[in-house]
Amino acid sequence: MLFRSTVEADLDRLLRCTVDEPISWADPDRLRSMLTDGQYRHERVWIAEQDGEILARAVWWGFPDGDKPLALDCLYVHPSVEDRVALGAALLRHAHGAFGDAPAYHVFVPSGWRDYRAVADAIEWRWEAGRRAGLTDELERLRYEWTPAAPVPEPSGRLTFEEEPDDEVFVDLFRQVAEGSLDHHTRLALLTKDPEAQAREDLADYRSMPGDRSWWRVARTPEGDLAGFAMPSANNAGPVVGYLGVLPERRGHGYVGDLLDEITRFHAGRGVQRIVADTDSTNLPMAAAFERAGYRLFAVRLVLSADPADD
Ligand SMILES: CC(C)(COP(=O)(O)OP(=O)(O)OC[C@H]1O[C@@H](n2cnc3c(N)ncnc32)[C@H](O)[C@@H]1OP(=O)(O)O)[C@@H](O)C(=O)NCCC(=O)NCCS
């Protein structure tokens, strides 16, 4: 078996690698267009080849001007291969060796995917191959959207919202709400980072997004005490919920709903037609708040990554 990255002359054979399982994959149109715009590159497409036949193919994604692959987008192993897990794992290991890195594997699946046998099977062998190649950390991200088909919420009056120009106030809020967070990324970060440094990083990340700084709000109880904050934002694809948090001592009163409503109302008031939000499936109070507020679960993204504790 020969493991290697590909070259332009392989293109026709690469396009014939077809995944018929109901998950996201690098289909021929996607492969062709992303190879053209540089999000895929031949040196980031790897194959396992025998007697001139492609038996396995892995495709990594990266920014066109980026210097390294950032995510594995597709793992294909020909159905005739007896041990798909072993061959898939070997292919990933060869590529990881060449990259000097093991980028996370991202797969989109329909919501309720565990109940679809064909989806669960497609994930199972790929996940095992990924695990054997060092991708052991599993995460399920729920993708929600709000559209004007859902109502614009009325203010409950339980919290008041105000602009806060001082970034230090938000650093402190980020630091406080990270405590006891059910968000996977936050929990991992706090294993290795100082809470204040992490809060500053979070602030910088939100500052760098296309959403406006003036949209951010702090939330207070009628007595004037801080309860949390709401940061409507936007990414390159459009408006997003951004971030919200309830101070640990204020949790359990459903304030998450008041904060989310404030964000929805804010964007809706600007005439926005679609608001997107992601949360981890483990963040149950957050997911429940989206459901209550009429957000629709439109996709699930599964992510398998190297455990940072293994670094
Ligand atoms: C997610 C979050 C906003 C929920 O806020 P909330 O206003 O307390 O939510 P609710 O009042 O609806 O809570 C529902 C239940 O979950 C519990 N709960 C809320 N947050 C919890 C947490 N971080 N850990 C454990 N349980 C939590 C509540 O105590 C309540 O329990 P109960 O039903 O037994 O009373 C809050 O946990 C938070 O700020 N987390 C950190 C930031 C975050 O994850 N933001 C979202 C990023 S996408």
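Residues numbered from 1 in each chain as written. Predicted model: local features only at pLDDT ≥ 70, side-chain atom pairs only at ≥ 80, totals over all residues. Heavy atoms only, no water.

1. Overview of the overall build of the protein
Part 1: Check the secondary structure of the protein and you find 9 helices and 12 strands.
Part 2: Of the charged side chains in the protein, 35 are positive and 54 negative, and the gap between their average positions amounts to 2 Å. (Helix = DSSP H or I, 4+ residues; strand = E, 2+ residues; numbered from the N terminus. Lys, Arg positive; Asp, Glu negative; His and termini not counted. Charge placed at Lys NZ, Arg CZ, Asp CG, Glu CD.)

2. Here's the deal with the site of the ligand
Part 1: Within the structure, the ligand sits among 20 residues, and Gly 180, Leu 244, Val 246, Gly 252 and Gly 254 are positioned closest to it.
Part 2: Within the backbone of Gly 252, one N or O atom sits 2.8 Å away from an oxygen atom of the ligand.
Part 3: Surface burial for the ligand is 69%, taken as the share of its 890 Å² of free accessible area covered by protein chains.
Part 4: Every element with two or more residues in the shell around the ligand is listed here: β10 (238-246), α8 (255-269), β11 (275-280) and α9 (284-292).
Part 5: Sort the elements by how many residues they give to the shell around the ligand and β10 lands first, with 4 residues. (Near = heavy atom within 4 Å. Polar contact = N/O pair within 3.5 Å; in protein donor to acceptor, adjacent residues only side chain to side chain. Areas by Shrake-Rupley, 256 points an atom, 1.4 Å probe, with all protein chains shown as cover.)

3. Section: helix α4 (residues 117-132)
Part 1: Over its 16 residues, α4 extends 23 Å from the first C-alpha to the last, a length consistent with the 22 Å expected when each residue adds 1.5 Å.
Part 2: Against the buried residues of α4 lie β4 (71-77), α3 (84-99), β5 (104-109), β6 (135-146) and β12 (296-306).
Part 3: At the C-terminal side of α4, Gly 134 shows a positive phi close to 100 degrees. (Expected span 1.5 Å × (residues − 1). Contact = heavy atoms within 4.5 Å.)

4. Some thoughts on unusual backbone geometry
Part 1: We note that Asp 51 has phi near 50 degrees; this positive angle belongs to a residue other than glycine.
Part 2: Summarising the element assignment, Asp 51 is placed in the loop between β2 (45-50) and β3 (53-61).

5. Regarding the domain arrangement of the protein
Part 1: Each assigned domain of the protein is listed here: domain 1 (2-133) and domain 2 (160-310).
Part 2: The gap between the C-alpha centroids of domain 1 and domain 2 is 33 Å.
Part 3: If you look at the interface, domain 1 gives 14 residues, while domain 2 gives 9 residues.
Part 4: Linking domain 1 with domain 2 are 0 salt bridges, by the criterion used here.
Part 5: Where domain 1 meets domain 2, there are 4 residue pairs in polar contact (both at pLDDT 80 or more).
Part 6: When residues of the side of domain 1 that touches domain 2 are assigned to their parent elements, the largest contribution, 6 residues, is made by β5.
Part 7: Considering only residue class, the side of domain 1 that touches domain 2 consists of 10 nonpolar, 3 polar and 1 charged. (Domains from an automatic or database assignment. Salt bridge = Lys/Arg side-chain N within 4 Å of Asp/Glu carboxyl O. Nonpolar A, V, L, I, M, F, W, Y, C, P; charged D, E, K, R; others polar.)

6. Concerning the nonpolar core
Part 1: Counting residues in hydrophobic clusters, the biggest one holds 60 residues, and the most contacted among them are Val 109, Ile 123, Val 241 and Tyr 295.
Part 2: A per-element tally of this core places α3 first, with 7 residues.
Part 3: Residue-level mapping places this core at the junction of two domains, with at least three residues from each of domain 1 (2-133) and domain 2 (160-310).
Part 4: Not counting residues within four places of it along the chain, the set of residues in contact with Val 241 comprises Met 231, Pro 232, Ser 233, Leu 260, Ile 263, Ile 275, Val 276, Ala 277, Phe 290 and Tyr 295. (Core = buried A, V, L, I, M, F, W, Y, C linked by side-chain atoms within 4.5 Å. Buried < 20%, exposed > 50% of the residue type's maximum accessible area, 1.4 Å probe, protein only.)

7. Some remarks on the packing of aromatic side chains
Where two aromatic rings form a pair, the distance of their centres and the angle of their planes describe that pair.
Part 1: By the definition in use, this model includes 13 aromatic pairs.
Part 2: Measuring from centroid to centroid gives 5.8 Å for Tyr 206 and Tyr 243, while their planes differ by 65 degrees, and the two rings are edge-to-face. Of the two residues, Tyr 206 is situated in helix α7 (residues 195-207) and Tyr 243 in strand β10; the sequence distance between them amounts to 37 residues.
Part 3: Owing to a relative accessible area of 18%, Tyr 243 belongs among the buried residues under this scheme.
Part 4: Of the aromatic side chains, those joined through ring pairs into one cluster are Phe 170, Phe 174, Tyr 206, Trp 216, Phe 229 and Tyr 243.
Part 5: Between the NZ or CZ atom of Arg 274 and the centre of the ring of Phe 298, over which it lies, the distance is 4.9 Å. (Phe/Tyr/Trp six-rings, centres within 6.5 Å; stacked < 30°, edge-to-face > 60°. Lys NZ or Arg CZ within 6 Å of the ring centre and 35° of its normal.)

8. A short note on the side chain of Thr 6
Part 1: Structurally, Thr 6 can be placed in the loop between β1 (2-5) and α1 (11-15).
Part 2: Among the residues examined, Thr 6 registers a relative accessible area of 4% and is labelled buried.
Part 3: Only 2.8 Å separates the side chain of Thr 6 from the side chain of His 42, close enough to count as a polar contact.
Part 4: Once residues within four sequence positions are removed from consideration, Thr 6 is found in contact with Leu 14, His 42, Glu 43, Val 45 and Ile 47.

9. Thoughts on the state of the cysteines
Part 1: On inspection of all chains with the given rule, the structure shows 0 disulfides.
Part 2: Of all cysteine sulfurs in the structure, the one in Cys 74 sits closest to Cys 17, which takes part in no disulfide; the separation is 8.5 Å.
Part 3: Classification of Cys 17 by relative accessible area gives buried; the value is 3%. (Disulfide = S-S within 2.5 Å.)

10. Some details on α9
Part 1: Within α9, the full set of buried residues consists of Met 286, Ala 287, Ala 289 and Phe 290. In an axial view of α9, the angular spread of the buried residues amounts to 155 degrees, which keeps them on one side of the axis. Relative to its buried face, α9 has exposed residues pointing more than 90 degrees away, namely Leu 284 and Arg 292.
Part 2: Those residues of α9 hidden inside the fold are in contact with β6, β10, α8 and β11.
Part 3: One or two positions beyond α9, positive phi appears at Gly 294, with a value near 85 degrees. (Arc of directions from axis to C-beta.)

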